Amino acid sequence: MAALEPEVLSADAVPDLEWFEKAEETHVPQIELLETTSAQGPLNPSEHFCPRDCMVPVVFPGPVSQEGCCRFTCELLKHIMYQRQQLPLPYEQLKHFYRKPSPQAEEVVRNKPRTATETSSKKCQQALAEMESVFSHLEGLFARTLVPRVLILLGGSALSPKEFYELDLSRLVPDSREQSLNTAACLRRLFRAIFMADAFSELQAPPLMGTIIMAQGHRDCGEDWFRPKLNYRVPSRGHKLTVTLSCGGPPIPTTAWEDYIWFQAPVTLKGFH
């Protein structure tokens, strides 16, 4: 697998790609992603963007698997929480430095006065456990249904967040995993586009905020962890980054999504310093 290109990406900009490249080596080989220039994807005429909004279009030269779409979602969530200072380190580094202690070590700590370091470690382990739970249930949701859109909402409420970020997957043509593009290479292209757009540089340093995950799925997909929100409307206020993924083919008709509704994760991710 090709290494990251240092002249394009920094370690802070894309903290998790090395892990994904290693993970890809254990999977069935996929079509290698060709190096073609990303172009502006088709815009939804019903969407109106204010001057602060940032649109990042990414075009892949072929189909992407549902597993790949789930990975894009999880990696974008990790990236946003780190960039918006809800996590003190990139997710994979936190997992390395704050591994869950053994039951014997937990018993020893329980019998000692708690220090600031131990308190911070406990907060980190709780945050990581909540994120891992969301990732696991996202995998289940993507396995049950196509997911055309995902929202990552920071601060406020699901109806009125302080910031929200959208991943638009509705232009991707679903395909089987054996015929799809290489996921690690797609991740490199995705994060290269986000890094070049410089979407986070002008934002002020935020306080700690809760993070809510919303995802669209078919109303009859049988999902029982994410909660259906039949009347949910996408917020119209708050800073917005929209990452639009497509594969260069004809757009999928909007009527294809008429039976899709919003689902909300039942947990609010809490960051820590």
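What you see is a predicted model, and the numbers here were worked out from it, not measured in a lab.

Asker: When you look at the packing of aromatic side chains in this model, what are you seeing that I'm missing?
Answerer: Any pair of aromatic rings gets described here by the distance separating the centres and the angle formed by the planes. The tally for this structure, following the rule as stated, stands at 6 aromatic pairs. Ring geometry for Trp-225 against Phe-226: centres 5.0 Å apart, planes inclined by 80°, an arrangement best described as edge-to-face. Look at Trp-257 and Tyr-260: their rings are 5.0 Å apart centre to centre, the planes differ by 85°, and that puts the pair in the edge-to-face class. We note that Trp-257, like Tyr-260, is buried.

Asker: I'm lost on the pairing of strand β7 (residues 260-264) in this one. Help?
Answerer: Regular strands have side chains that alternate between both faces of the sheet. Within β7, 5 of the 5 residues are buried, leaving the element largely enclosed by the surrounding structure. Along β7, one buried face is formed by Tyr-260, Trp-262 and Gln-264 and the opposite face, lined by Ile-261 and Phe-263, is buried too. Bridging between strand β4 (residues 210-218) and β7 involves 5 bridges; their strand directions are antiparallel. The residue of β7 that forms the bridge with Ala-215 is Phe-263. Pairing of strand β5 (residues 227-229) with β7 involves 3 bridges; the strand directions are antiparallel. Bridge pairing links Pro-228 to Phe-263 in β7.

Asker: What is the right way to look at the side chain of Lys-78 in this model?
Answerer: You can see Lys-78 is positioned in helix α2 (residues 66-83). Here Glu-92 takes part through its side chain, which lies 3.1 Å from a polar atom of the side chain of Lys-78.

Asker: How should helix α6 (residues 183-197) be read in this particular structure?
Answerer: Each α-helix winds once per 3.6 residues, and so residues spaced three or four apart point in a common direction. Under the 1.5 Å per step criterion, the end-to-end length of α6 is 21 Å for 15 residues, consistent within 8% with the ideal 21 Å. Among the 15 residues that make up α6, 12 are buried, leaving the element largely enclosed by the rest of the structure. Every buried residue of α6 is accounted for by Thr-183, Ala-184, Ala-185, Cys-186, Leu-187, Arg-188, Arg-189, Leu-190, Phe-191, Arg-192, Ala-193 and Ile-194. Two to three positions downstream of the cap, the backbone nitrogen of Ala-184 sits 3.1 Å from a side-chain oxygen, assigning the N-cap of α6 to Asn-182. In the stretch just after α6, Asp-198 is the one whose phi turns positive, near 55°.

Asker: What is the right way to look at the environment of Pro-207 in this model?
Answerer: Here Pro-207 shows up in the loop between α6 and β4. With 52 residues separating them along the chain, Pro-207 and Gly-155 place their C-alpha atoms 9.0 Å apart.

Asker: Looking at this structure, how should I read unusual backbone geometry?
Answerer: For residues that are not glycine, phi is negative in most cases, and the peptide bond is trans in most cases. Despite not being glycine, Gln-85 has its phi angle at roughly 60°, a positive value. Tracing the backbone through its elements, the reader meets Gln-85 in the loop between α2 and α3 (91-97). Phi angles above zero are rare outside glycine, and Asp-198 is one such case at about 55°. You can see Asp-198 is positioned in the loop between α6 and β4. Asp-198 gets classed as partly exposed once you look at its relative accessible area, which sits at 48%.

Asker: Can you help me understand the pairing of strand β2 (residues 149-154) in this one?
Answerer: By the criterion of burial, β2 is predominantly enclosed, with 6 of the 6 residues buried. Burial along β2 is two-sided: the face carrying Arg-149, Leu-151 and Leu-153 and the face carrying Val-150, Ile-152 and Leu-154 are both buried. As defined by bridge partners, β2 adjoins strand β3 (residues 163-171) across 6 bridges and the pair is classed as antiparallel. Looking across to β3, one finds that Leu-154 is bridged to Glu-163. Sheet analysis places β2 next to β4, joined by 5 bridges and oriented antiparallel. Across the sheet, Leu-153 pairs through a bridge with Ile-212, a residue of β4.

Procedures and definitions
Residues numbered from 1 in each chain as written. Predicted model: local features only at pLDDT ≥ 70, side-chain atom pairs only at ≥ 80, totals over all residues. Heavy atoms only, no water. Phe/Tyr/Trp six-rings, centres within 6.5 Å; stacked < 30°, edge-to-face > 60°. Buried < 20%, exposed > 50% of the residue type's maximum accessible area, 1.4 Å probe, protein only. Helix = DSSP H or I, 4+ residues; strand = E, 2+ residues; numbered from the N terminus. Pairing = 2+ DSSP bridges. Polar contact = N/O pair within 3.5 Å; in protein donor to acceptor, adjacent residues only side chain to side chain. Expected span 1.5 Å × (residues − 1).

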